[in-house]
Each structure stands twice: as structure tokens, then as C-alpha cells.
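Examining the three-dimensional arrangement
What follows is the residue order along each chain.
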Amino acid sequence: MDAALATCRRDYQGTEMSTTATPNPTAATADGAGGSGTTVSRAVVTLTMNPAIDLCWEVEHLEGIGKNRARVRSVAVGGGGINVARHVVRFGGRATAVHTAGGEVGLRLNRLLDEEGIDHVAVAIDDDTREALVLFEAESRRSYHIVPPGPRLDEREGQRCLEVLERFAGSCPYVVASGSLPGGLPDDYYAAVARHVKEAGSRLVLDTSGPALRAALTEGVFLFRCNRTEAESLTGKAMSGFDDARALNEHLLTTGAAEIAVTTLGGLGALCSTRHGHTKLYAPPLPGEPLSDAGAGDSMVAALTTQLASGEDPVSACALGVATAAAAMLTPSTEPFDVDVAWSLRPLVRTAAA
């Protein structure tokens, strides 16, 4: 049985409890729940260093004075890599999410992932995992995502995460590191992740920001995705269109920071760059009102990585990623996109050489 599907559960002292080789119960086949056009891909491993439990509340109208009566829309686990793993499975792929977990919130996080059927590996930390609040105002159809910084990790905990990741990366062609770093870890932590992934013979897809991003790019990654804000922080210039994105992507390729560079430009679309050239991908027209962009980036990375793991070329993979990001805009707060809508938007993504 595929070793990449092995699950290694750990308790809160980091002691290995059991190792099994059980297929991901939510992985869909080509004719299953993955939606039209799904192909079976090789397994993907994701890394989430600073996950959260997202509590989504809804109010009719947010009042500045007095009590606001809310109903609970959803309680779900969030964090870049976990979101990516969830959506890889929804596209019919296979994924294992490596993540930190600590305290009572960490225990609940593990239970929620088990109930959802996401294959995951929890690495014990001493501090509590964070909780985040997503507030949806029904009257305005606006979402507010309120996120605390999260726990602090020490060097020992960071090293344990690297060791667990390396064990799984060796049997998977792609590793996705997504999301922010928790406090206590050095800025070059994702650079260390990149080294471990290379040594394991796998390819790293990176989606992060800030100092951790800059340090990782000095090590070099297989694929780097950044949004307009992250691109502007790297260049110190406004990212107004495809020409600006091409200048950044060209720099990333020529310096060895990435083999594939994808810069997203909001409603305009994205630019996908490889050594073979630069391709503009125009965002499709939305079939409804945009409600939130909270999950667009993770959704795009999931679609893109699933397609790469299925053998698609980078531009075709990125086209589904752009379509999926658009589909994610149609859902409120952090709620998952409709896979069938994503596939229906894929033919509407126009491409052109940049």
C-alpha cells in the first residue's frame, strides 16, 4: 500500500502511538466526489505551523452599542496547509496534513480533523493552539476575520516538526508549506523546510509572507505563489498589472528563488512563469456576487498542486487554480468553495503570452 498514505499519530508528549497504512477516507476517485474533470493524483503533504480553529458567527446587523445576537455558522479547522489538504481531497487527490497542536484547543483541533476525515499528523507543542473568529454580517454580506498571533514554539518543537515532515516528504512528490510562522521560530525556518524537502527528494510549494518568505527564497523552492500584497512587499513597488508581475517573476526565476513563480493580481488574474516563458491567466467572470476573498489563496494552491501531482503542466494547473480562486470568492467567510463551480469556470480562464 502507498507509503505516502501512512498516518503516524502522536500524543501530546510527541510519543509515537501507532502507524497505519489506511487510505484517506475522504479521497475521491476520478468518478467520485472530486467533481468533473478530476484525475487521481499522487499524495501531497502539507505543513501548517500555526493552525487555528475558526469560529464563524453570523449577525444580521452589527451594532456598535448593546449586545449583538449571533448564531454559529460553523466551527472548522483553519490554517494554510490544512486548508490546502482539505481542498486537495475535495478535488479527488490525496493529502496528509502535518500540523502543530497544543493544549485543549489543540485536542479539539485534532478531533475536528478526525471527524472531517482529513488525514493528519499532529506534532505536540506546549502552548495552546489559537482560535480565530470569523464574523459574517448578513445585511451587508461582509465577513470580518479576526486572528490572534497564536502560540510560541521553542527550538525543540520546531525541530520535531522538521523531522516529522521529512519522514513523510520522502514518499510524496509535493510538499506545500502555507501560512504564517508562530512566534519563537527563526525567520529562516521555511528555508530549513526547503532544505529538508530537497534532501527528501520532493518539491516544495511555498505560500507565505514577510521575513519568512524572503529567507525561504534565498534557499530556493520549486513553486512560489504570492498575492499582490506580498509581491509589493518583495519589490517595494505597486503591482498594478501583468508587466509588474513579469518583472518580479523573472527576477525569482533568474536568481534561482523558484522554478515556477505564480503572482496573483486579484480580479485581473495571475501570471505563471517558468523557464519556458510567462503566461497571463485572466480571471473568469463571476456568476454571482463576490462575498469574501479569505480562502481564495489556499483554494488556488490546492487546485494547482493537485493538478501538478496529476501530471498537468504548470500553466494548465494554474488555470484551474485561477478558476478555483474565483469560485472561492462566491462563498462567505472561510466556507469552502463549490468544486463543480470551480470546474465550470475553468474554460472561462483566458490565457495569453506575457
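Placed above this text is the structure.
About the cut-offs
- Residues numbered from 1 in each chain as written.
- Predicted model: local features only at pLDDT ≥ 70, side-chain atom pairs only at ≥ 80, totals over all residues.
- Heavy atoms only, no water.
- Helix = DSSP H or I, 4+ residues; strand = E, 2+ residues; numbered from the N terminus.
- Buried < 20%, exposed > 50% of the residue type's maximum accessible area, 1.4 Å probe, protein only.
- Contact = heavy atoms within 4.5 Å.
- Areas by Shrake-Rupley, 256 points an atom, 1.4 Å probe, with all protein chains shown as cover.
- Axes fitted to C-alpha atoms, helices over the stretch in contact; angles between N-to-C directions.
- Left-handed = near helix turned anticlockwise from the far one by under 90°.
- Nonpolar A, V, L, I, M, F, W, Y, C, P; charged D, E, K, R; others polar.
- 1 Å grid on protein atoms, 1.4 Å probe; cavity = no way out; pocket = protein on both sides within 12 Å on 5 of 7 lines; lining within 4 Å.
- Points joined across faces, edges and corners; volume = space filled by probe spheres on them.
- Pairing = 2+ DSSP bridges.

Re the overall build of the protein chain
Across its full length, the protein chain carries 10 helices and 16 strands. In the protein chain, buried positions account for 55% of the 354 residues. The contacts in the protein chain between residues at least 6 apart in sequence include a share of 67% that link residues at least 24 apart. Summing over all exposed atoms, the protein chain offers an accessible surface of approximately 14800 Å²; the carbon and sulfur share of this is 50%.

Here's the deal with the packing of helix α4 (residues 189-199) against helix α5 (residues 210-219)
How two helices pack is summed up by the angle between their axes together with the distance between the axes. Two numbers describe how α4 lies on α5: the axes approach to 7 Å, and their chain directions differ by 35 degrees. The element α4 and its partner α5 pack so that their crossing is right-handed. Contacts from Y190, A191, A194, R195 and K198 in α4 reach A212, A215, A216 and E219 in α5. In the contact of α4 with α5, the residues fall into 6 nonpolar, no polar and 3 charged.

Brief notes about the side chain of T274
Looking at the element boundaries, T274 is found in strand β14 (residues 269-274). Look past the residues within four positions of T274 in its chain and what remains in contact with it is L253, E259, I260 and P314.

Focus on the layout of surface pockets
Computed from the structure, the second largest pocket encloses a volume of approximately 180 Å³. In terms of lining, the second largest pocket is formed by R214, L217, T218, L234, T235, A247, L248, H251, L252, T255 and A257. For the lining of the second largest pocket, the element with the highest residue contribution is helix α7 (residues 242-254), accounting for 4 residues. Across the lining of the second largest pocket, the residue classes tally to 6 nonpolar, 4 polar and 1 charged.

Section: the sheet that holds strand β5 (residues 71-78)
Two pairing modes exist for strands in a sheet, parallel and antiparallel, and in both the strands are linked by backbone hydrogen bonds. An order of β5-β4-β8-β9 is seen for the 4 strands of this open sheet, with the pairing classed as mixed. Each of the sheet's edge strands pairs with one partner strand only, and the pair in question is β5 and β9 (142-146). Strand-to-strand twist of the sheet, defined as the mean angle between neighbouring strand axes without regard to direction, takes the value 20 degrees. Relative to the sheet, helix α2 (residues 103-116) contacts β4 (52-59), β5 and β8 (130-137), its axis offset from that of β4 by approximately 80 degrees.

Considering the sheet that holds strand β13 (residues 258-264)
Ordered by their spatial adjacency, 10 strands build an open sheet running β7-β6-β3-β10-β11-β12-β13-β14-β15-β16, and the pairing between neighbours is mixed. Two strands lie at the open edges of the sheet, namely β7 (120-124) and β16 (350-353), each paired on one side alone. For this sheet, the mean inter-axis angle between neighbouring strands, taken without regard to orientation, is 20 degrees. Both strand β11 (residues 203-207) and strand β12 (residues 221-226) contribute to a ladder of 2 bridges, which runs parallel. Paired with V205 across the strands is L223, a residue of β12. Of the strands in this sheet, β6 (95-101) and β7 are in contact with α2, which crosses β6 at around 165 degrees.

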